[in-house]
Amino acid sequence: MPQVNARFSVLSEDFAADPYRYFSRLREQDAIHYESAIDSYFVSRHRDVKRVLTDHEVFSTEMLQVRAEPVMRGPVLAQMTGAEHTAKRKIVVRGFTGQALEDQIRAIHANAAELVAPFLSRGRIDLVNDFGRPLAIDVTLDVLGLDKKDRRQIADWLGGVAEFVTGIDLTAEQRRRCLHRAERLEAYLAPVIDERRRRPGGDLISKLCTAEFDGIAMSDREVTALVINVLVAAVEPADKTLALLFKHLIDHPDQLAQVRRDPALLPAAIAETLRYTPPVQLIPRRTERDVVLAGSTVPAGATVFCMIGAANRDPAAFASPDAFDIHRADLGTARSFTAAARHLAFGTGLHQCVGAAFARAEIETVAEMLLSLFDEIRHTPGVRYRETGLYTRGPASLWIDFTPARTVPVPL
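Counting restarts for each chain: residues are numbered from 1 in the order of the written sequence. Reporting in this predicted model follows two pLDDT cut-offs: at least 70 for local features of residues, and 80 or more for side-chain atom pairs to be given and counted; totals over whole chains, interfaces and linings ignore these cut-offs and use all residues. Note that the side-chain values use all heavy atoms of the structure and ignore hydrogens as well as water.

## Examining helix α13 (residues 253-261)
Three- or four-residue spacings in an α-helix give side chains the same orientation, since the helix completes a turn every 3.6 residues. Think of it in three bands: with a 1.4 Å probe and only protein chains considered, a residue is buried below 20% of the maximum accessible area for its type, exposed above 50%, and partly exposed in between. In this text, helices come from DSSP runs of H or I with a minimum length of four residues, and strands from runs of E with a minimum of two, each type numbered from the N-terminal end. Regarding α13, the residues found buried are Gln255, Leu256 and Val259. Summarising the axial view, the buried residues of α13 lie within an arc of 105°, below the 170-degree limit, and thus occupy one face. Seen from the buried face of α13, the exposed residues on the opposite side, beyond 90 degrees, are Pro253 and Arg261. The contact criterion used throughout is that any non-hydrogen atoms of two residues lie within 4.5 Å. Residues of α13 that are buried make contact with α12 (220-251), α14 (266-276) and α16 (356-373). As used here, the arc is the angular range of directions from the helix axis to the C-beta atoms.

Shown next as C-alpha cells:
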C-alpha cells in the first residue's frame, strides 16, 4: 500500500493512474489533505464528506461562480438557495419524472437499439466511444428537444464546458478555449429558446421557457444556464456508469450470471457500481468561516473537495468496501437512487443530483437490452484497460467481445 507523505499529491500522475490505491491511507493518515499548488483541501472520510455536503451554512457552493457560471453562462442549480432553488429544482425534476420519464424510457430504448444495431453482427464493441457516449448525448438531446443531427457539434462544445468545470489546474489558454466553446453553445441555444418561448412543446427547454418564479418568467440567461447544467449533468456520468457496470460484471462472472438469471438484481448492480466506482469523484465547496474538520482547522474562504470515491470505500460506512458485491446488505437498492442513499455518488443534502431516478432508468433500460443481445461477454483480448479523470472518472474505452444473441431489440 502506498504511503501518504509530504510529497504526495492528488495532482500526480501516480494518483491519476489509480486513485483507489491511495484512498485508505488518505482516510487513515491525511483525512484533510492540503494541496498547496491549488490552495485546496481534500476530504476523504465518509462522515466528513457527508458533513461538508449537508452543512450548507458552513460549506457553500459560492465557488461555482468561478468554477461553473462562466461556462454555464449563468447561475446553476447548485448555486441557488431558498425559494428560488426549490422552485427551479421542481421544474427540472418534473422533466425527469412521471409521464415524462415514461416517454423518455421509450426514447432511450429506441436510441440504444439504433446505436447498437451495426455492432451485433461484429461481436465486438467499445461500450464507451461506440455506444455509451453517443447514447448519453442523444438521450439528453431528446429530453431537451434538440436536433440529434447536431450531436457532434454539441458534444464538442459540451466538452469545453465540462473541461472548465472539472479542471483542477487549467492554464489560461485552456480556460480561454473552454469559454469560447461555451459561448458557441450559448449562441446555438439562443434561437432555440426564442422559438420555444413562441411555440412551446413538451420538451424540457419549453417547460423552462414557460415556467415562472415569483410570477416572473425566467430570463434567457437563466434558461440557458439550466439547459447547459442539464446537458453536463446528464451526459458526463452516464456513459461512464454504463461502461463501469459492464466492466465489474465481466470481472465478476458469478455476479454477471446471477443478473442474467434474475434481471431484478440489475438495479442493485447499478447501485453497487455507483458506490464502488462513482463517475463523479470530486464535489467542491467553500468554507464560509473557519471550521474544524477531522481534527484540522480549515480557514474561511478555502476550497474543499469532497472525495466521493474515497468516502464510498470507507470501512466505517461499508463492510469490505473494496469488494464489488451486488448483494451487500449495507447499501440498500431501494434507497440508493433517493435522498436517503448511503453512497454519495449523487452527492447528498440540498444539492443532491436531481437526475438520480432518470439515471437509474436510463442505465437499467440500456443494460437490460444489452444483456439480452450479448451472450458470452468478455474483455477483448490484448486491449489495455485504462481509466482517466480526477474530477469525473471512467474508462477511456471498454472493448468487449460477445456472441450475438438470437434476439433483436423489441420497441417499447
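## Brief notes about the packing of helix α8 (residues 127-144) against α12
Only the stretch in contact is used when fitting a helix axis, every axis being a line fitted to C-alpha atoms; angles between N-to-C directions are given from 0 to 180 degrees. With their axes 9 Å apart at the nearest point, α8 and α12 run at an angle of 145° to one another. By crossing handedness, the relation of α8 to α12 is classed as right-handed. Within the contact between the two elements, α8 uses Leu127, Val128, Phe131, Gly132, Arg133, Ala136, Ile137, Thr140, Leu141 and Leu144 and α12 uses Val227, Val230, Leu231, Ala234, Val235, Ala238, Asp239, Leu242, Ala243 and Phe246. Classes in brief: Ala, Val, Leu, Ile, Met, Phe, Trp, Tyr, Cys and Pro nonpolar; Asp, Glu, Lys and Arg charged; the others, Gly included, polar. Of the residues belonging to the contact of α8 with α12, the class tally is 16 nonpolar, 2 polar and 2 charged. Handedness of each helix crossing follows the sense of rotation of the near helix against the far helix: counterclockwise by less than a right angle gives left-handed, clockwise gives right-handed.

## Points about the pairing of strand β1 (residues 32-35)
Sheet faces and side chains relate simply in a regular strand, where the side chains alternate between the two faces. As defined by bridge partners, β1 adjoins strand β2 (residues 40-43) across 4 bridges and the pair is classed as antiparallel. Pairing of Glu35 across the sheet is with Ser40, part of β2. The criterion for strand pairing is that DSSP finds at least two bridges linking the strands in question. Hairpin connection from β1 to β2: 4 residues lie between these consecutive antiparallel strands, with Asp39 at a positive phi of about 50°.

## Things to note about the side chain of Thr380
Secondary-structure assignment places Thr380 in the loop between β11 (374-379) and β12 (387-388). The class of Thr380 is buried, set by a relative accessible area of 5%. If sequence neighbours within four positions are ignored, Thr380 has contacts with Arg124, Trp399, Ile400 and Asp401.

## Description of the packing of aromatic side chains
Two rings belonging to Phe, Tyr or Trp (six-membered ring only in the last case) form a pair when the distance between their centres is within 6.5 Å. Interplanar angles under 30 degrees mark stacking, angles over 60 mark edge-to-face geometry, and anything in between is tilted. Counted according to the given criterion, the structure contains 11 aromatic pairs. Here the aromatic rings of Phe15 and Phe23 are separated by 6.2 Å at their centres, their planes lie at 65°, and the arrangement is edge-to-face. By the burial criterion, Phe15 is buried, and Phe23 matches it. Their ring planes at 55° and their centres at 5.5 Å tell us that Trp157 and Tyr188 sit as a pair that is tilted. Note that Trp157 is positioned in helix α9 (residues 151-166) and Tyr188 in helix α10 (residues 172-198), a separation of 31 residues in sequence. When its relative accessible area of 7% is taken as the criterion, Trp157 is described as buried. A ring is considered to have a charge above it if a Lys NZ or an Arg CZ atom is located within 6 Å of its centre and within 35 degrees of its normal. Residue placement shows Arg122 over the ring face of Phe119; its charged tip is 4.8 Å from the ring centre. Over the ring of Phe318 we find Arg342; its NZ or CZ atom is 5.7 Å from the centre of that ring.

## Comments concerning the nonpolar core
A general feature of soluble globular proteins is that nonpolar side chains tend to end up buried together. Throughout this description, the term nonpolar core refers to a set of buried Ala, Val, Leu, Ile, Met, Phe, Trp, Tyr and Cys residues connected via side-chain atoms within 4.5 Å. In terms of nonpolar packing, the biggest core is built from 89 residues, with Phe131, Phe246 and Phe374 touching the most fellow members. Looking at this core element by element, the count peaks at 15 residues for α12. Apart from residues no more than four positions distant in its own chain, Phe131 is found in contact with Ala112, Leu115, Val116, Ile125, Asp126, Leu242, Val366 and Leu370. Val43, Val49, Val58 and Ala311 belong to the second-largest nonpolar core, a separate cluster that totals 18 residues.

## With respect to the pattern of salt bridges
If charged atoms from side chains of opposite charge come close, those side chains can pair. Only one rule defines a salt bridge in this text: a Lys or Arg side-chain nitrogen within 4 Å of an Asp or Glu carboxyl oxygen. Scanning all chains against the criterion turns up 22 salt bridges. With a shortest N-O distance of 3.3 Å, Glu364 and Arg360 are connected by a salt bridge. Note that Glu364 and Arg360 are positioned in helix α16 at a spacing of 4 residues, about one turn of the helix. Note on Arg360: relative accessible area 27%, which makes it partly exposed.

## Looking at the sheet that holds β11
Spatially, 3 strands are ordered β4-β14-β11 in an open sheet, and the strand pairing comes out antiparallel. Looking along the sheet, the strands with just one partner apiece sit at the ends: β4 (124-126) and β11. If you compare each strand with its neighbour and ignore which way they point, the axes differ by 30° on average. Summarising the sheet, β4 and strand β14 (residues 399-404) pair through 3 bridges and their orientation is antiparallel. Of the residues in β14, the one forming a bridge with Arg124 is Asp401.

## A word on the sheet that holds β2
Taken together, 5 strands build an open sheet; the order of strands is β1-β2-β10-β7-β3 and the sheet is mixed. Only two strands of the sheet have a single partner each, and these edge strands are β1 and β3 (59-60). On the sheet, helix α3 (residues 46-54) packs against β2, β3, β7 (282-287) and β10 (303-307) and is oriented at approximately 130° with respect to β10.

## Here's the deal with unusual backbone geometry
Within the chain, Ala294 stands out as a residue other than glycine whose phi angle is a positive 50°. Of note, Ala294 is situated in the loop between β8 (291-293) and β9 (296-298). Although it is not a glycine, Glu376 sits at a positive phi angle of roughly 50°. Its location among the elements puts Glu376 in strand β11.

## Looking at the environment of Leu265
Along the chain, Leu265 falls in the loop between α13 and α14. Taking the relative accessible area as the measure of exposure, Leu265 reaches 19% and is therefore buried. With 68 residues separating them along the chain, Leu265 and Thr333 place their C-alpha atoms 9.1 Å apart. Other than its neighbours up to four places away in sequence, Leu265 contacts Gln258, Val259, Ile326 and His327.

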